[in-house]
Amino acid sequence: MLPENLRERAVAAAVSDFDADAVITGKYDRDELTLEIAAPKIVSVCGFLKYDQKFIRLSGVTAVDRYPAEPRFEVIYHVHSVDRKERIRLKCRVSGVDPVIESVFSVWRSANWYEREIFDLFGIQFLNHPDLRRILMPDDWEGHPLRKDYPIYGTRV
Amino acid sequence: MVLNMGPQHPSTHGVLRLLIELDGETVVKCQPDIGYLHTGIEKEFEVKTYQQGVTLTDRVDYLAPLSNNLCYCLAAEKLLGLEIPPQAQWMRVMLTEFTRLNSHLVWLGTHALDIGAMSVFLYCFREREEILKIFEMFSGQRMMTSYFRIGGLALEPPRGWQNRVKKFLEIFPSRIDEYENLLTNNRIWIGRTRGIGFISLEDMLDLGITGPMLRAAGMKIDARKDSPYSSYEKFDFEVPTRTENDVYARYQVRIEEMRQSVKIIRQALEGMPAGPWKADDQHVVLPDREKMKTQMEALIYHFKIVTEGFRVPEGEVYQVIESPRGELAYYMVSDGTTKPFRVHMRTPSFGNLQATAKLVEGTLIADVIASIGSMDFVLGDTDR
(Lines give C-alpha, C1' and ligand atoms only; values in the text may rest on other atoms or scores of the structure.)
Protein backbone atom coordinates (compact mmCIF):
# COMPACT_ATOMS: atom_id res chain seq x y z
CA MET A 1 0.00 0.00 0.00
CA LEU A 2 1.25 3.39 -0.93
CA PRO A 3 1.21 5.81 2.04
CA GLU A 4 -1.42 8.52 1.52
CA ASN A 5 1.01 11.40 1.64
CA LEU A 6 2.90 10.00 -1.37
CA ARG A 7 -0.18 10.22 -3.60
CA GLU A 8 0.84 13.73 -4.57
CA ARG A 9 4.05 12.40 -6.14
CA ALA A 10 3.06 11.68 -9.72
CA VAL A 11 5.41 8.71 -10.20
CA ALA A 12 4.46 7.06 -6.94
CA ALA A 13 0.76 7.42 -7.75
CA ALA A 14 1.30 6.07 -11.28
CA VAL A 15 3.13 2.98 -10.05
CA SER A 16 0.48 2.38 -7.43
CA ASP A 17 -2.29 2.71 -10.05
CA PHE A 18 -0.40 0.37 -12.38
CA ASP A 19 -0.19 -2.38 -9.77
CA ALA A 20 -1.37 -1.61 -6.25
CA ASP A 21 -0.08 -4.94 -4.90
CA ALA A 22 3.45 -4.23 -6.14
CA VAL A 23 4.00 -1.26 -3.83
CA ILE A 24 4.58 -2.41 -0.28
CA THR A 25 5.43 0.98 1.16
CA GLY A 26 7.27 4.16 0.29
CA LYS A 27 8.81 7.27 1.73
CA TYR A 28 9.87 10.72 0.71
CA ASP A 29 12.94 11.69 2.64
CA ARG A 30 15.61 14.35 1.98
CA ASP A 31 14.08 15.13 -1.43
CA GLU A 32 14.38 11.52 -2.55
CA LEU A 33 11.51 9.19 -3.31
CA THR A 34 11.82 5.56 -2.31
CA LEU A 35 9.29 2.89 -3.26
CA GLU A 36 9.48 -0.52 -1.74
CA ILE A 37 8.43 -3.04 -4.36
CA ALA A 38 7.44 -6.67 -3.84
CA ALA A 39 10.38 -8.65 -5.21
CA PRO A 40 8.39 -10.85 -7.66
CA LYS A 41 6.95 -7.71 -9.30
CA ILE A 42 10.20 -5.86 -9.92
CA VAL A 43 10.51 -6.58 -13.64
CA SER A 44 6.97 -5.51 -14.48
CA VAL A 45 7.31 -2.32 -12.41
CA CYS A 46 10.64 -1.49 -14.07
CA GLY A 47 9.13 -2.10 -17.49
CA PHE A 48 6.24 0.21 -16.63
CA LEU A 49 8.64 2.91 -15.43
CA LYS A 50 10.79 2.69 -18.52
CA TYR A 51 8.18 2.48 -21.26
CA ASP A 52 5.30 4.35 -19.65
CA GLN A 53 6.90 6.87 -17.35
CA LYS A 54 9.99 7.70 -19.43
CA PHE A 55 12.53 6.54 -16.88
CA ILE A 56 14.88 5.58 -19.67
CA ARG A 57 18.03 5.24 -17.61
CA LEU A 58 18.98 2.77 -14.95
CA SER A 59 21.56 4.69 -12.96
CA GLY A 60 22.67 1.73 -10.93
CA VAL A 61 21.75 -1.34 -8.94
CA THR A 62 23.24 -2.15 -5.59
CA ALA A 63 22.46 -4.07 -2.44
CA VAL A 64 22.53 -3.62 1.32
CA ASP A 65 23.04 -6.44 3.80
CA ARG A 66 20.86 -6.03 6.93
CA TYR A 67 22.31 -9.08 8.69
CA PRO A 68 21.05 -10.53 11.03
CA ALA A 69 17.60 -9.12 10.19
CA GLU A 70 15.30 -11.09 7.93
CA PRO A 71 14.64 -10.60 5.02
CA ARG A 72 18.33 -10.01 5.01
CA PHE A 73 19.11 -8.23 1.75
CA GLU A 74 17.82 -5.09 0.10
CA VAL A 75 18.34 -4.76 -3.63
CA ILE A 76 18.30 -1.10 -4.59
CA TYR A 77 17.58 0.29 -8.06
CA HIS A 78 18.21 3.93 -8.90
CA VAL A 79 16.19 4.93 -11.91
CA HIS A 80 16.56 8.22 -13.76
CA SER A 81 14.26 10.08 -16.11
CA VAL A 82 16.24 12.49 -18.26
CA ASP A 83 13.13 14.28 -19.59
CA ARG A 84 11.55 14.81 -16.19
CA LYS A 85 14.89 15.37 -14.45
CA GLU A 86 13.72 13.04 -11.77
CA ARG A 87 15.27 10.13 -9.93
CA ILE A 88 13.57 7.49 -7.84
CA ARG A 89 14.78 4.59 -5.79
CA LEU A 90 13.19 1.15 -5.86
CA LYS A 91 13.86 -1.24 -3.05
CA CYS A 92 13.21 -4.99 -2.92
CA ARG A 93 13.73 -7.14 0.13
CA VAL A 94 15.26 -10.54 -0.45
CA SER A 95 15.55 -13.38 2.03
CA GLY A 96 18.95 -14.40 3.38
CA VAL A 97 18.22 -18.07 2.79
CA ASP A 98 18.89 -18.81 -0.86
CA PRO A 99 18.64 -15.14 -1.94
CA VAL A 100 17.21 -14.82 -5.41
CA ILE A 101 15.46 -12.12 -7.45
CA GLU A 102 14.62 -11.73 -11.10
CA SER A 103 17.06 -9.81 -13.29
CA VAL A 104 15.97 -6.53 -14.88
CA PHE A 105 18.34 -7.12 -17.81
CA SER A 106 15.33 -7.50 -20.09
CA VAL A 107 14.38 -3.89 -19.32
CA TRP A 108 17.79 -2.20 -19.18
CA ARG A 109 20.85 -3.96 -20.56
CA SER A 110 23.06 -1.93 -18.23
CA ALA A 111 21.76 -4.11 -15.39
CA ASN A 112 24.11 -6.81 -16.67
CA TRP A 113 27.27 -5.70 -14.85
CA TYR A 114 25.51 -4.11 -11.88
CA GLU A 115 23.80 -7.40 -11.11
CA ARG A 116 26.97 -9.38 -11.68
CA GLU A 117 28.64 -7.13 -9.14
CA ILE A 118 25.91 -7.85 -6.57
CA PHE A 119 26.11 -11.56 -7.30
CA ASP A 120 29.87 -11.39 -6.80
CA LEU A 121 29.95 -9.31 -3.62
CA PHE A 122 26.68 -10.31 -1.92
CA GLY A 123 25.88 -13.71 -3.38
CA ILE A 124 22.38 -12.82 -4.54
CA GLN A 125 21.19 -14.89 -7.52
CA PHE A 126 19.54 -13.18 -10.48
CA LEU A 127 17.07 -15.23 -12.50
CA ASN A 128 17.16 -14.90 -16.30
CA HIS A 129 20.49 -13.07 -16.21
CA PRO A 130 22.42 -13.76 -19.42
CA ASP A 131 25.89 -14.07 -17.95
CA LEU A 132 25.86 -14.46 -14.18
CA ARG A 133 29.45 -14.93 -12.99
CA ARG A 134 31.88 -13.08 -10.77
CA ILE A 135 33.08 -9.74 -12.10
CA LEU A 136 35.45 -8.14 -9.59
CA MET A 137 36.73 -11.04 -7.51
CA PRO A 138 38.67 -13.98 -9.01
CA ASP A 139 36.50 -16.82 -10.35
CA ASP A 140 37.66 -19.26 -7.66
CA TRP A 141 37.07 -16.87 -4.74
CA GLU A 142 35.13 -18.23 -1.79
CA GLY A 143 32.51 -16.14 -0.04
CA HIS A 144 30.99 -12.77 -0.79
CA PRO A 145 33.04 -9.88 0.61
CA LEU A 146 30.38 -7.23 1.11
CA ARG A 147 28.24 -9.41 3.35
CA LYS A 148 28.25 -8.18 6.93
CA ASP A 149 29.39 -11.56 8.27
CA TYR A 150 32.45 -11.52 6.02
CA PRO A 151 35.56 -10.46 7.98
CA ILE A 152 37.26 -7.20 7.08
CA TYR A 153 40.83 -7.98 8.03
CA GLY A 154 42.59 -11.29 7.42
CA THR A 155 40.82 -14.63 7.22
CA ARG A 156 39.06 -16.59 9.90
CA VAL A 157 41.01 -19.57 11.28
CA MET B 1 41.80 -15.98 -33.75
CA VAL B 2 41.48 -14.85 -30.15
CA LEU B 3 43.66 -11.92 -29.19
CA ASN B 4 44.35 -11.26 -25.54
CA MET B 5 44.79 -7.54 -25.08
CA GLY B 6 45.95 -6.69 -21.61
CA PRO B 7 45.81 -6.76 -18.64
CA GLN B 8 49.26 -5.21 -19.09
CA HIS B 9 48.86 -3.26 -22.28
CA PRO B 10 49.98 0.35 -22.69
CA SER B 11 46.76 1.52 -24.29
CA THR B 12 44.37 0.05 -21.76
CA HIS B 13 45.48 2.66 -19.19
CA GLY B 14 45.69 0.44 -16.21
CA VAL B 15 44.82 -3.18 -15.95
CA LEU B 16 41.95 -3.94 -18.28
CA ARG B 17 41.88 -7.19 -20.20
CA LEU B 18 40.05 -7.43 -23.49
CA LEU B 19 39.45 -10.83 -25.02
CA ILE B 20 39.05 -10.06 -28.68
CA GLU B 21 37.88 -12.63 -31.20
CA LEU B 22 39.10 -11.76 -34.68
CA ASP B 23 38.13 -12.69 -38.17
CA GLY B 24 41.02 -11.35 -40.21
CA GLU B 25 41.25 -7.77 -39.01
CA THR B 26 37.62 -7.46 -37.96
CA VAL B 27 36.55 -7.80 -34.36
CA VAL B 28 33.82 -10.42 -34.08
CA LYS B 29 33.44 -10.52 -30.34
CA CYS B 30 34.93 -8.56 -27.47
CA GLN B 31 34.79 -9.48 -23.83
CA PRO B 32 36.14 -7.05 -21.26
CA ASP B 33 37.56 -8.61 -18.12
CA ILE B 34 37.85 -6.28 -15.14
CA GLY B 35 38.60 -6.59 -11.44
CA TYR B 36 42.40 -6.49 -11.49
CA LEU B 37 42.35 -3.30 -9.45
CA HIS B 38 39.60 -4.24 -7.02
CA THR B 39 40.56 -2.86 -3.62
CA GLY B 40 37.41 -3.37 -1.57
CA ILE B 41 36.95 0.31 -0.82
CA GLU B 42 33.20 -0.11 -0.30
CA LYS B 43 33.90 -2.64 2.45
CA GLU B 44 36.56 -0.41 3.97
CA PHE B 45 34.10 2.47 4.38
CA GLU B 46 32.11 0.42 6.85
CA VAL B 47 34.92 0.38 9.44
CA LYS B 48 35.99 4.00 9.07
CA THR B 49 34.28 6.99 10.61
CA TYR B 50 32.58 9.34 8.17
CA GLN B 51 35.42 11.83 8.17
CA GLN B 52 38.08 9.12 7.73
CA GLY B 53 36.20 7.87 4.69
CA VAL B 54 37.15 10.99 2.73
CA THR B 55 40.69 9.74 2.28
CA LEU B 56 39.43 6.55 0.63
CA THR B 57 37.49 8.47 -1.99
CA ASP B 58 40.70 9.98 -3.40
CA ARG B 59 41.85 6.56 -4.36
CA VAL B 60 38.79 5.56 -6.33
CA ASP B 61 39.29 7.68 -9.41
CA TYR B 62 42.90 8.77 -9.08
CA LEU B 63 42.63 11.27 -11.92
CA ALA B 64 39.69 13.08 -10.34
CA PRO B 65 40.20 12.81 -6.57
CA LEU B 66 38.43 16.05 -5.74
CA SER B 67 35.27 15.08 -7.62
CA ASN B 68 35.05 11.98 -5.47
CA ASN B 69 35.79 13.96 -2.30
CA LEU B 70 33.00 16.32 -3.21
CA CYS B 71 30.42 13.66 -3.94
CA TYR B 72 31.15 11.79 -0.72
CA CYS B 73 31.02 14.97 1.38
CA LEU B 74 27.80 16.13 -0.26
CA ALA B 75 26.17 12.78 0.47
CA ALA B 76 27.19 12.87 4.12
CA GLU B 77 26.15 16.52 4.44
CA LYS B 78 22.77 15.69 2.97
CA LEU B 79 22.32 13.03 5.64
CA LEU B 80 23.40 15.44 8.34
CA GLY B 81 21.35 18.33 6.95
CA LEU B 82 24.44 20.50 7.15
CA GLU B 83 24.59 23.99 5.65
CA ILE B 84 27.90 24.78 3.95
CA PRO B 85 29.10 28.43 3.88
CA PRO B 86 29.32 30.09 0.44
CA GLN B 87 33.10 30.41 0.33
CA ALA B 88 33.54 26.67 0.82
CA GLN B 89 30.94 25.94 -1.85
CA TRP B 90 32.61 28.19 -4.38
CA MET B 91 36.03 26.87 -3.53
CA ARG B 92 34.70 23.37 -4.12
CA VAL B 93 33.34 24.38 -7.51
CA MET B 94 36.63 25.97 -8.51
CA LEU B 95 38.76 23.04 -7.46
CA THR B 96 36.51 20.40 -9.01
CA GLU B 97 36.74 22.33 -12.28
CA PHE B 98 40.52 22.22 -11.95
CA THR B 99 40.09 18.50 -11.46
CA ARG B 100 38.13 18.32 -14.67
CA LEU B 101 40.94 20.12 -16.49
CA ASN B 102 43.48 17.81 -14.91
CA SER B 103 41.56 14.71 -15.93
CA HIS B 104 40.83 15.91 -19.46
CA LEU B 105 44.49 16.83 -19.97
CA VAL B 106 45.63 13.37 -18.98
CA TRP B 107 42.96 11.91 -21.24
CA LEU B 108 43.95 14.08 -24.19
CA GLY B 109 47.64 13.35 -23.77
CA THR B 110 47.32 9.60 -23.44
CA HIS B 111 44.60 9.30 -26.06
CA ALA B 112 46.73 11.14 -28.58
CA LEU B 113 49.71 9.02 -27.55
CA ASP B 114 47.71 5.86 -28.25
CA ILE B 115 46.80 7.07 -31.69
CA GLY B 116 50.38 8.07 -32.44
CA ALA B 117 50.60 11.82 -31.80
CA MET B 118 53.44 11.63 -29.29
CA SER B 119 54.12 15.29 -28.66
CA VAL B 120 50.64 16.23 -27.41
CA PHE B 121 51.34 14.18 -24.31
CA LEU B 122 54.25 16.43 -23.35
CA TYR B 123 52.24 19.60 -23.88
CA CYS B 124 49.33 18.33 -21.81
CA PHE B 125 51.48 17.21 -18.92
CA ARG B 126 53.19 20.60 -18.84
CA GLU B 127 49.88 22.26 -17.94
CA ARG B 128 48.78 19.41 -15.72
CA GLU B 129 51.90 20.00 -13.64
CA GLU B 130 50.72 23.56 -12.99
CA ILE B 131 47.34 22.27 -11.83
CA LEU B 132 48.97 19.76 -9.51
CA LYS B 133 51.04 22.57 -8.06
CA ILE B 134 47.85 24.50 -7.36
CA PHE B 135 46.42 21.41 -5.61
CA GLU B 136 49.62 21.18 -3.60
CA MET B 137 49.34 24.81 -2.63
CA PHE B 138 45.82 24.24 -1.28
CA SER B 139 46.11 20.85 0.34
CA GLY B 140 49.78 19.99 0.61
CA GLN B 141 49.23 17.04 -1.72
CA ARG B 142 49.55 16.83 -5.46
CA MET B 143 47.17 13.97 -6.14
CA MET B 144 45.50 12.43 -3.10
CA THR B 145 44.28 15.79 -1.92
CA SER B 146 41.40 15.01 0.50
CA TYR B 147 40.88 18.75 0.55
CA PHE B 148 37.11 18.67 0.98
CA ARG B 149 35.84 17.49 4.32
CA ILE B 150 32.38 16.90 5.66
CA GLY B 151 31.42 20.41 6.74
CA GLY B 152 33.64 22.40 4.41
CA LEU B 153 37.32 22.43 3.56
CA ALA B 154 40.24 20.73 5.25
CA LEU B 155 42.35 23.86 5.58
CA GLU B 156 41.99 27.57 5.15
CA PRO B 157 42.64 28.59 1.52
CA PRO B 158 46.34 29.50 1.34
CA ARG B 159 47.47 33.10 1.16
CA GLY B 160 48.05 34.27 -2.39
CA TRP B 161 46.06 31.55 -4.13
CA GLN B 162 44.35 34.18 -6.28
CA ASN B 163 47.63 35.15 -7.96
CA ARG B 164 48.47 31.55 -8.70
CA VAL B 165 45.07 30.87 -10.24
CA LYS B 166 45.10 34.16 -12.15
CA LYS B 167 48.49 33.32 -13.63
CA PHE B 168 47.20 29.94 -14.73
CA LEU B 169 44.12 31.47 -16.34
CA GLU B 170 46.28 33.91 -18.29
CA ILE B 171 48.20 31.21 -20.07
CA PHE B 172 45.82 28.26 -20.21
CA PRO B 173 43.30 29.33 -22.91
CA SER B 174 46.17 29.86 -25.37
CA ARG B 175 47.47 26.41 -24.46
CA ILE B 176 44.14 24.87 -25.44
CA ASP B 177 44.56 26.58 -28.80
CA GLU B 178 47.97 24.99 -28.99
CA TYR B 179 46.54 21.49 -28.54
CA GLU B 180 43.93 22.27 -31.14
CA ASN B 181 46.63 23.46 -33.56
CA LEU B 182 48.29 20.11 -33.16
CA LEU B 183 45.17 18.00 -33.59
CA THR B 184 41.93 19.57 -34.77
CA ASN B 185 42.87 19.95 -38.44
CA ASN B 186 45.55 17.30 -38.42
CA ARG B 187 44.77 14.92 -41.30
CA ILE B 188 46.12 11.85 -39.58
CA TRP B 189 44.17 12.65 -36.40
CA ILE B 190 40.96 13.16 -38.36
CA GLY B 191 41.57 9.98 -40.32
CA ARG B 192 42.03 7.97 -37.14
CA THR B 193 39.08 9.43 -35.26
CA ARG B 194 36.30 10.64 -37.55
CA GLY B 195 33.54 8.10 -38.08
CA ILE B 196 35.18 5.72 -35.61
CA GLY B 197 33.54 4.32 -32.50
CA PHE B 198 29.92 4.98 -33.37
CA ILE B 199 27.25 3.65 -31.03
CA SER B 200 23.61 4.66 -31.25
CA LEU B 201 22.08 6.93 -28.61
CA GLU B 202 19.50 4.26 -27.67
CA ASP B 203 22.26 1.75 -27.05
CA MET B 204 24.21 4.30 -25.05
CA LEU B 205 21.32 5.02 -22.70
CA ASP B 206 20.45 1.37 -22.44
CA LEU B 207 24.02 0.34 -21.64
CA GLY B 208 24.52 3.04 -19.01
CA ILE B 209 26.94 5.38 -20.75
CA THR B 210 27.14 8.89 -19.28
CA GLY B 211 29.18 12.05 -19.51
CA PRO B 212 31.06 13.46 -22.51
CA MET B 213 30.28 10.37 -24.60
CA LEU B 214 26.56 10.99 -24.26
CA ARG B 215 27.01 14.67 -24.99
CA ALA B 216 28.97 13.86 -28.15
CA ALA B 217 25.87 11.97 -29.27
CA GLY B 218 23.75 15.08 -29.00
CA MET B 219 22.22 14.62 -25.59
CA LYS B 220 22.40 17.69 -23.36
CA ILE B 221 22.77 15.96 -20.03
CA ASP B 222 24.89 17.31 -17.24
CA ALA B 223 24.25 16.97 -13.51
CA ARG B 224 25.72 20.43 -12.95
CA LYS B 225 22.74 21.87 -14.84
CA ASP B 226 20.06 19.24 -14.23
CA SER B 227 20.40 18.95 -10.47
CA PRO B 228 22.81 21.68 -9.39
CA TYR B 229 24.91 21.06 -6.30
CA SER B 230 27.41 23.20 -4.41
CA SER B 231 26.20 26.51 -5.98
CA TYR B 232 26.67 25.45 -9.62
CA GLU B 233 23.39 27.22 -10.39
CA LYS B 234 25.15 30.53 -9.75
CA PHE B 235 27.68 29.97 -12.52
CA ASP B 236 27.24 30.80 -16.15
CA PHE B 237 28.50 28.09 -18.49
CA GLU B 238 27.42 26.06 -21.48
CA VAL B 239 27.08 22.31 -21.83
CA PRO B 240 28.83 21.56 -25.12
CA THR B 241 27.30 18.92 -27.37
CA ARG B 242 28.02 17.40 -30.78
CA THR B 243 25.90 15.12 -32.87
CA GLU B 244 28.45 13.13 -34.90
CA ASN B 245 28.83 10.61 -32.09
CA ASP B 246 32.32 9.42 -33.00
CA VAL B 247 35.78 9.59 -31.44
CA TYR B 248 36.40 12.97 -33.03
CA ALA B 249 33.18 14.42 -31.60
CA ARG B 250 34.12 13.17 -28.13
CA TYR B 251 37.47 14.92 -28.54
CA GLN B 252 35.71 18.15 -29.52
CA VAL B 253 33.31 17.94 -26.58
CA ARG B 254 36.13 17.51 -24.09
CA ILE B 255 38.14 20.36 -25.59
CA GLU B 256 35.10 22.61 -25.32
CA GLU B 257 34.51 21.42 -21.76
CA MET B 258 37.99 22.58 -20.87
CA ARG B 259 37.16 26.05 -22.16
CA GLN B 260 33.93 26.04 -20.13
CA SER B 261 35.85 24.96 -17.02
CA VAL B 262 38.18 27.91 -17.50
CA LYS B 263 35.11 30.13 -17.66
CA ILE B 264 33.79 28.70 -14.39
CA ILE B 265 37.15 29.03 -12.66
CA ARG B 266 37.38 32.67 -13.76
CA GLN B 267 33.93 33.39 -12.32
CA ALA B 268 34.88 31.65 -9.09
CA LEU B 269 38.08 33.65 -8.85
CA GLU B 270 36.36 36.97 -9.43
CA GLY B 271 33.30 36.37 -7.30
CA MET B 272 34.74 34.31 -4.45
CA PRO B 273 32.62 35.16 -1.39
CA ALA B 274 34.35 36.05 1.84
CA GLY B 275 33.49 34.50 5.17
CA PRO B 276 33.96 31.17 6.89
CA TRP B 277 35.25 28.13 5.00
CA LYS B 278 33.70 25.50 7.25
CA ALA B 279 30.24 24.95 8.62
CA ASP B 280 29.18 26.26 11.98
CA ASP B 281 28.36 22.99 13.70
CA GLN B 282 30.47 22.05 16.67
CA HIS B 283 29.23 18.45 16.62
CA VAL B 284 30.72 17.81 13.20
CA VAL B 285 33.44 20.33 12.42
CA LEU B 286 36.67 20.42 14.41
CA PRO B 287 37.08 23.62 16.47
CA ASP B 288 39.74 26.18 15.64
CA ARG B 289 43.14 25.45 17.11
CA GLU B 290 43.03 28.62 19.20
CA LYS B 291 39.62 27.80 20.69
CA MET B 292 40.63 24.25 21.42
CA LYS B 293 43.52 25.47 23.53
CA THR B 294 41.54 28.02 25.49
CA GLN B 295 38.00 26.71 25.86
CA MET B 296 37.05 23.56 27.73
CA GLU B 297 33.96 22.90 25.61
CA ALA B 298 35.86 23.13 22.35
CA LEU B 299 38.45 20.73 23.71
CA ILE B 300 35.77 18.19 24.61
CA TYR B 301 34.23 18.38 21.15
CA HIS B 302 37.63 18.05 19.54
CA PHE B 303 38.31 14.93 21.58
CA LYS B 304 34.91 13.44 20.78
CA ILE B 305 35.13 14.07 17.04
CA VAL B 306 38.67 12.76 16.72
CA THR B 307 38.25 9.62 18.82
CA GLU B 308 34.67 8.62 18.18
CA GLY B 309 33.51 10.64 15.20
CA PHE B 310 30.09 12.21 14.87
CA ARG B 311 26.72 10.51 14.73
CA VAL B 312 24.80 10.76 11.50
CA PRO B 313 21.00 10.50 11.55
CA GLU B 314 19.47 7.37 10.08
CA GLY B 315 18.57 7.46 6.43
CA GLU B 316 19.79 6.93 2.91
CA VAL B 317 20.81 9.32 0.14
CA TYR B 318 21.89 9.10 -3.47
CA GLN B 319 24.09 12.05 -4.33
CA VAL B 320 24.82 12.57 -8.02
CA ILE B 321 27.49 14.87 -9.44
CA GLU B 322 29.10 15.32 -12.84
CA SER B 323 32.63 13.96 -12.68
CA PRO B 324 34.96 14.46 -15.67
CA ARG B 325 33.94 11.01 -16.86
CA GLY B 326 30.20 11.25 -16.37
CA GLU B 327 27.64 10.52 -13.72
CA LEU B 328 29.26 9.87 -10.37
CA ALA B 329 26.96 8.95 -7.53
CA TYR B 330 27.41 7.91 -3.92
CA TYR B 331 24.68 5.90 -2.26
CA MET B 332 25.12 6.25 1.48
CA VAL B 333 23.13 4.43 4.14
CA SER B 334 23.38 5.48 7.76
CA ASP B 335 22.15 3.50 10.74
CA GLY B 336 22.64 6.35 13.18
CA THR B 337 26.17 5.47 14.30
CA THR B 338 29.49 7.14 13.61
CA LYS B 339 30.37 4.87 10.70
CA PRO B 340 28.48 4.50 7.42
CA PHE B 341 26.36 1.35 7.27
CA ARG B 342 26.93 1.07 3.55
CA VAL B 343 28.52 3.24 0.89
CA HIS B 344 28.10 2.35 -2.75
CA MET B 345 29.85 4.21 -5.52
CA ARG B 346 28.11 4.37 -8.86
CA THR B 347 31.19 5.21 -10.89
CA PRO B 348 31.08 6.47 -14.48
CA SER B 349 33.91 4.23 -15.70
CA PHE B 350 32.09 1.07 -14.64
CA GLY B 351 28.95 2.17 -16.44
CA ASN B 352 30.78 3.27 -19.58
CA LEU B 353 33.05 0.26 -19.85
CA GLN B 354 30.04 -1.99 -20.10
CA ALA B 355 29.49 -0.71 -23.62
CA THR B 356 32.96 -1.73 -24.84
CA ALA B 357 31.69 -4.81 -26.64
CA LYS B 358 28.99 -2.87 -28.44
CA LEU B 359 31.48 -0.17 -29.35
CA VAL B 360 34.17 -2.31 -30.97
CA GLU B 361 32.35 -5.34 -32.35
CA GLY B 362 32.30 -5.20 -36.13
CA THR B 363 35.10 -2.64 -36.35
CA LEU B 364 38.75 -3.09 -37.29
CA ILE B 365 41.27 -4.12 -34.69
CA ALA B 366 43.29 -0.95 -35.35
CA ASP B 367 40.30 1.16 -34.32
CA VAL B 368 39.82 -0.63 -31.01
CA ILE B 369 42.50 1.53 -29.41
CA ALA B 370 40.91 4.76 -30.59
CA SER B 371 37.44 3.61 -29.55
CA ILE B 372 38.26 2.52 -26.02
CA GLY B 373 40.52 5.55 -25.59
CA SER B 374 37.58 7.81 -26.35
CA MET B 375 35.64 6.34 -23.41
CA ASP B 376 38.12 7.84 -20.94
CA PHE B 377 37.85 5.23 -18.22
CA VAL B 378 40.03 4.86 -15.17
CA LEU B 379 40.44 1.34 -13.90
CA GLY B 380 40.56 2.37 -10.25
CA ASP B 381 37.18 3.94 -10.84
CA THR B 382 35.89 0.77 -12.50
CA ASP B 383 37.05 -1.83 -10.02
CA ARG B 384 36.95 0.21 -6.78
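For the structure itself, look to the data block above.
Report on the accompanying structure. (Residues numbered from 1 in each chain as written. Chains lettered and ligands numbered in written order. Predicted model: local features only at pLDDT ≥ 70, side-chain atom pairs only at ≥ 80, totals over all residues.)

**Observations concerning the overall build of chain B**
Operational definition: Strands here mean DSSP runs of E at least two residues long; helices mean DSSP runs of H or I at least four residues long; both are numbered from the N terminus. Within these notes, the globule rule equals 2.2 Å times the number of residues to the 0.38 power, and the radius of gyration is based on C-alpha atoms. Exposure in this text rests on C-beta crowding, where 20 or more other C-beta atoms within 10 Å of a residue's own make it buried, 12 or fewer make it exposed, and counts in between make it partly exposed. The C-beta atoms are placed from the backbone. A residue pair is marked as a contact if its C-beta atoms, positioned from the backbone, fall within 7 Å.
A tally of helices and strands in chain B yields 17 helices and eight strands. Taken against the 2.2 N^0.38 rule, which gives 21 Å for 384 residues, the C-alpha radius of gyration of chain B at 21 Å falls within 12% of a compact globule. For the C-alpha atoms alone, the extent of chain B along its principal axes is close to 75 × 45 × 35 Å. Residues classed as buried in chain B amount to 50% of the 384 residues present. Considering only intrachain contacts with a sequence separation of at least 6, the fraction spanning at least 24 residues in chain B is 70%.

**Looking at the overall build of chain A**
Along its length, chain A carries three helices and seven strands. Reading chain A from its N end, one meets helices and strands in the order α-β-β-α-β-β-β-β-α-β. A globule of 157 residues ought to have a C-alpha radius of gyration of about 15 Å, and chain A, at 16 Å, matches this closely. Principal axes of the C-alpha set define a box for chain A whose edges measure 55 × 30 × 25 Å. Looking at chain A residue by residue over its 157 residues, the buried ones come to 41%. Residue pairs at least 24 apart in sequence account for 47% of intrachain contacts in chain A once pairs closer than 6 positions are excluded.

**A few points about the sheet that holds strand S8 (residues 342-346) of chain B**
Within a sheet, each strand pairs with its neighbour through backbone hydrogen bonds, oriented either parallel or antiparallel. All names here are of chain B. Spelled out, the test is: Any two strands are treated as partners once DSSP identifies two or more bridges connecting them. Angles here are taken between N-to-C directions and fall from 0 to 180 degrees, while the axes themselves are lines fitted to C-alpha atoms, restricted in helices to the stretch in contact.
Taken together, the three strands give an open sheet; going across it, the order is S6-S7-S8, and neighbouring strands pair in antiparallel fashion. Of all strands in the sheet, those with a lone pairing partner are strand S6 (315-323) and S8, marking the two edges. The sheet shows a mean angle of 15° between the axes of neighbouring strands, taken without regard to direction. For strand S7 (residues 326-334) and S8, the ladder comprises five bridges, and the chain directions are antiparallel. Its bridge partner being in S8, Met332 is matched across the sheet by Val343. Contacting S6 and S7, helix H3 (residues 65-80) crosses the sheet at an angle of about 150° to S6.

**Points about the nonpolar core**
Let me state the cut-off plainly: By definition, a nonpolar core groups buried Ala, Val, Leu, Ile, Met, Phe, Trp, Tyr and Cys residues that connect through C-beta atoms lying within 7 Å of each other.
One finds Val75(A), Ile118(A), Ile124(A), Ala75(B), Ala76(B) and Tyr330(B) to be the most contacted residues of the largest nonpolar core, which totals 150 residues. When residues no more than four places from it in sequence are discounted, the contact partners of Ile124(A) are Ala63(A), Phe73(A), Val75(A), Val94(A), Pro99(A), Ile101(A), Ile118(A) and Phe119(A).

**As for the interface of chain B and chain A**
The cut-off we apply is this: Residues are grouped as follows: Ala, Val, Leu, Ile, Met, Phe, Trp, Tyr, Cys and Pro are nonpolar; Asp, Glu, Lys and Arg are charged; every other residue, Gly included, is polar.
Tallying the contact residues gives 29 residues for chain B and 27 residues for chain A. Breaking the side of chain B that touches chain A down by element, the ones donating at least two residues are helix H1 (41-45), helix H8 (201-207), S6, S7, S8 and helix H14 (348-353) of chain B. Looking at the side of chain B that touches chain A element by element, the count peaks at four residues for S7(B). Across the side of chain B that touches chain A, the residue classes break down as eleven nonpolar, nine polar and nine charged.

**Let's talk about the sheet that holds strand S1 (residues 2-5) of chain B**
Residues and elements named next belong to chain B. Overall, antiparallel pairing links the three strands, which are arranged S1-S2-S3 in an open sheet. Each end of this open sheet is capped by a strand with a single partner; those strands are S1 and strand S3 (26-33). Across the sheet, the mean angle separating the axes of adjacent strands is 20° when strand polarity is ignored. In the sheet, strand S2 (residues 17-23) pairs with S3 via seven bridges, with the strands oriented antiparallel. Paired with Glu21 across the bridge in S3 is Lys29.

**Section: unusual backbone geometry**
In this chain, Tyr67(A) is followed by Pro68(A) through a cis amide linkage whose omega measures 0°. For Pro68(A), the position within the fold is in the loop between strand S3 (57-65) and strand S4 (73-81). Here the residue pair Glu70(A) and Pro71(A) is connected by a cis peptide bond, since its omega of 0° sits within 30 degrees of zero. By the element assignment, Pro71(A) lies in the loop between S3 and S4. Positive phi outside glycine occurs at Asp98(A), with the angle close to 50°. Within the element layout of this structure, Asp98(A) appears in the loop between strand S5 (86-94) and strand S6 (100-102). Under the C-beta neighbour-count criterion, Asp98(A) is labelled exposed, with 9 such atoms within 10 Å. The backbone of Ser146(B) sits at a positive phi, close to 45°, despite the residue not being glycine.

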